[in-house]
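Chain by chain, the residues run as shown.
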Amino acid sequence: MVDHNEKLLQELQKKSGNNVCADCGADDPDWASYNIGIFICMRCASIHRGMGAHISKVKHLKLDRWEDSQVQRMKEVGNTAAKNKYEERVPPCYRRPTKNDPQVLIEQWIRAKYEREEFCHPERQTYLSGAMEGFLMKRGKEDSRYQPRKFVLSESEDTLKYHVNENREPKGVLRLSELNVAFAPAKIGHMNSMQLTFMKDGTTRHIYVYHENAEKINNWYTAIRCAKLHLLQVAFPSAPQSDLLHRLPKDFAREGWLWKTGPRPTDAHRRRWFTLDNRKLMYHDEPLDAYPKGEIFIGHESNGYCIKVSNTGNGCKEARFPFHLVTPDRTYCLAATTHEDRAGWLAVIQQTIKRPLTPQDSAIEATLVRKRTTSNSISIFSGR
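Residues numbered from 1 in each chain as written. Predicted model: local features only at pLDDT ≥ 70, side-chain atom pairs only at ≥ 80, totals over all residues. Heavy atoms only, no water.

**Observations concerning the state of the cysteines**
Two cysteines whose sulfur atoms are joined by a covalent bond form what is called a disulfide.
Link 1 in the chain: This structure, assessed with the given rule, holds 1 disulfide.
Link 2 in the chain: One disulfide in the model links Cys93 with Cys226; its S-S distance is 2.0 Å. On the S-S bond that ties Cys93 to Cys226, the torsion sits near 50 degrees, and the link is right-handed. A residue pair is termed long-range when its members are at least 10 positions apart, and Cys93 in the loop between helix H4 (78-86) and helix H5 (103-115) and Cys226 in helix H7 (residues 214-235) qualify at 133 residues. (Disulfide = S-S within 2.5 Å. Helix = DSSP H or I, 4+ residues; strand = E, 2+ residues; numbered from the N terminus.)

Written out as structure tokens, the structure reads:
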């Protein structure tokens, strides 16, 4: 038999705002922080417990026994009122996590809200100034070892620099306006890790970094986003902020192994790691390569870009589910190992092909075309 308090909690949980997790938006949360007065999912509840009972006191809605005063607290507050308090001054550049986001992002969002109360006290937001410096562990370009490197972020210079020796000139200078940054825990093998992707000498370069402190890596991520937003606001003063927010760093649309052949029918299948970053489809020998082996620009369908599905075998038993990416210059023969994987790739590529081009997309396409033209000229001249 359901007791009175459990019934009240069930009714409260069904109310608008309470029917999704207060922190990540997952549906039908079955846990609660009764001192804060919010309904949360199991994943976020574990993070709340990790903060300690002096910050958040957690109970299951059905499996734990509730006192009248605790239920009353849930009734008085609820998710909507708590959000109005704890998320009062979230900066526009701050990434609000969803249920499928990496653990470091969700955990630091929760700790920022309730433990550090950053969004109630803006002076505690240390990532808004457009400047930051500190050490990150960086993967070597030629090997897999991680070494400490000093990174310096400067919005005024539009740069993110890193130093092997902090008393010497920087080893690398990345332009913020051309930089993408994404959390990459599964790929790098460290929970507090990021992938920095940028253009260098006409090609894409990847840098992999991590920090042992989750708050610090999240602050770096947010500082880069904030600096990029400020640069966009200066460059496009009349653009709506909502449009500029769409141009901040994004997670890769999809990554994974695919099989690829060369341009000739007799070319063998090669297993490559593919990454779709906005409109650039890059392929690599290994997931943590510093440079892609090749880059394919995916334009709009009105310019001749499309995908075609083939259901016939192609001579490679692992590449069982082939498809073709058609561009104005070449048709790329690709294949997935499973039907589900192919369906996932087809969906994101099709979505990209249908999305209208922006001026920034056109600039990327022009860069890749110049690179491809130069590469082809060198090959002809050298006889390769």
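**Digging into the sheet that holds strand E10 (residues 203-210)**
Link 1 in the chain: One open sheet holds the 7 strands; their spatial order is E7-E6-E5-E4-E10-E9-E8, and the pairing between them is antiparallel. Sheet topology places strand E7 (172-175) and strand E8 (180-183) at the edges, where each strand pairs with a single neighbour. Looking at each pair of strands side by side, their axes are set apart by 35 degrees on average, direction ignored.
Link 2 in the chain: Across 4 bridges, E8 lies against strand E9 (residues 193-200) in antiparallel orientation. The partner of Asn180 across the bridge, within E9, is Thr197.
Link 3 in the chain: Relative to the sheet, H7 contacts strand E4 (131-139), strand E5 (146-154), strand E6 (159-163), E8, E9 and E10, its axis offset from that of E4 by approximately 125 degrees. (Pairing = 2+ DSSP bridges. Axes fitted to C-alpha atoms, helices over the stretch in contact; angles between N-to-C directions. Contact = heavy atoms within 4.5 Å.)

**Regarding the sheet that holds strand E1 (residues 31-33)**
Link 1 in the chain: In space, the 3 strands of this open sheet follow the order E2-E1-E3, with antiparallel pairing throughout. At either end of the open sheet lies a strand with only one pairing partner, and these are strand E2 (38-40) and strand E3 (58-60). Averaged over neighbouring strand pairs, the angle between their axes works out to 30 degrees when direction is ignored.
Link 2 in the chain: Bridge analysis of E1 against E3 gives 3 bridges, and the strand direction is antiparallel. The residue bridging Ala32 from the neighbouring strand is Lys59, located in E3.

Structural measurements only, silent on function.
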